[in-house]
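Below, each chain spelled out in residue letters.
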Amino acid sequence: WLRAQLQEASLDRSIRHMFVSVHQSPYSSGPHGPLEDLVDSGLVDDMRRFGVDMLFAGHDHMYERGRVDGLNYVITAGGGAPIYYVKQNHPYSLVTEPTYHYTRIHVDGDRVELAALRMDGSLLDSVQLRRRADDGKRPQVEVLRENTTVSHSVSAPVKEMEPENDI
């Protein structure tokens, strides 16, 4: 079903951006780690192939933004449950912070801006993307600007918490 939806959306010229939301991220520095089953299923490759601007996930209670082979992903799960620790910093993770936070997305034409803010309102992360003009090939998303003043790969948790077993 998802493959069909992605393909259909990629062919619809009136759709300017594609976002996908999943519960557990295929990539994560948190205690649940990467979800290899999702990567192995080929769906992540399809997200790249069909030009997904950004993949959103939760599950690990923290903030993380990264990029793997051109696919931008965000884990935004710092909204109230106990915060998880950073288990392992992966090379594809650009910003990781175990903290309560919220994210704002602003879409303006071919541009998408994501801002992640801590609960005190301070900027945790920001990135601006632009969808490249369609030249008949695979849609491309380019990074126009990233906030480079934030702490990257913070490993000290706000409150260390082992995740409960997910059944």
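Structure shown above.
Summarised in this report is the structure supplied together with it.

Calculation notes
Residues numbered from 1 in each chain as written. Predicted model: local features only at pLDDT ≥ 70, side-chain atom pairs only at ≥ 80, totals over all residues. Heavy atoms only, no water. Buried < 20%, exposed > 50% of the residue type's maximum accessible area, 1.4 Å probe, protein only. Helix = DSSP H or I, 4+ residues; strand = E, 2+ residues; numbered from the N terminus. Pairing = 2+ DSSP bridges. Axes fitted to C-alpha atoms, helices over the stretch in contact; angles between N-to-C directions. Polar contact = N/O pair within 3.5 Å; in protein donor to acceptor, adjacent residues only side chain to side chain. Contact = heavy atoms within 4.5 Å. Phe/Tyr/Trp six-rings, centres within 6.5 Å; stacked < 30°, edge-to-face > 60°. Core = buried A, V, L, I, M, F, W, Y, C linked by side-chain atoms within 4.5 Å.

1. As for the pairing of strand β4 (residues 71-76)
(1) Moving on: With five of six residues buried, β4 lies mostly within the body of the structure.
(2) Moving on: When strand β3 (residues 63-68) meets β4, the two strands line up antiparallel, connected through six bridges. Bridge assignment links arginine 65 to a residue of β4, and that residue is valine 74.
(3) Moving on: Following β3, the chain reverses through two residues before pairing antiparallel with β4; aspartate 69 in that reversal takes a positive phi of roughly 50°.

2. Quick word on the sheet that holds β4
(1) Moving on: Within the open sheet, the five strands sit side by side as β1-β2-β4-β3-β5. Their pairing is mixed. Two strands lie at the open edges of the sheet, namely β1 (19-24) and β5 (93-97), each paired on one side alone. Neighbour-to-neighbour, the strand axes of the sheet open up by a mean angle of 15°, direction not taken into account.
(2) Moving on: Taken together, the four bridges between β3 and β5 define a ladder with antiparallel strand orientation. Pairing of glutamate 64 across the sheet is with threonine 96, part of β5.

3. Section: the side chain of histidine 17
(1) Moving on: Along the polypeptide, histidine 17 turns up in the loop between α1 (2-11) and β1.
(2) Moving on: By relative accessible area, which is 12% here, histidine 17 ends up buried.
(3) Moving on: One polar contact links the side chain of histidine 17 to the main-chain carbonyl oxygen of glycine 109, over a distance of 2.7 Å.
(4) Moving on: Beyond its immediate sequence surroundings of up to four residues, histidine 17 is in contact with Asp53, Val107, Gly109, Asp110, Arg111, Val112 and Arg131.

4. Topic: the sheet that holds strand β7 (residues 111-118)
(1) Moving on: Strand order across the open sheet formed by four strands is β6-β7-β8-β9, with antiparallel pairing between neighbours. Only two strands of the sheet have a single neighbouring strand rather than two, namely β6 (101-108) and β9 (141-146). If you compare each strand with its neighbour and ignore which way they point, the axes differ by 20° on average.
(2) Moving on: Note that β6 and β7 share eight bridges and pair antiparallel. Its bridge partner lying in β7, histidine 101 is registered against arginine 118.

5. Quick notes on the packing of aromatic side chains
(1) Moving on: Across all of its chains, the model carries four aromatic pairs by this definition.
(2) Moving on: Ring geometry for phenylalanine 19 and phenylalanine 56: centres 6.1 Å apart, planes at 45°, overall tilted. Separated by 37 residues along the polypeptide, phenylalanine 19 in strand β1 and phenylalanine 56 in strand β2 (residues 54-58) bring together distant segments of the chain.
(3) Moving on: Considering the side-chain rings of tyrosine 27 and tyrosine 92, the 5.2 Å spacing of their centres and the 65° angle between planes classify their relative orientation as edge-to-face. Remark: tyrosine 92 occurs in the loop between β4 and β5 and tyrosine 27 occurs in the loop between β1 and α2 (36-40); sequence separation between them is 65 residues.

6. A word on the nonpolar core
(1) Moving on: Of all hydrophobic cores here, the largest spans 18 residues; its most connected members are Leu6, Met47 and Tyr73.
(2) Moving on: Listed by contribution, the elements that provide at least two residues to this core are α1, α3 (43-49), β2 and β4.
(3) Moving on: Beyond its immediate sequence surroundings of up to four residues, methionine 47 is in contact with Leu2, Leu6, Val20, Val52, Leu55 and Leu71.
(4) Moving on: By size, the runner-up hydrophobic cluster in this structure holds 11 residues, among which are Phe56, Tyr63, Val127 and Val141.

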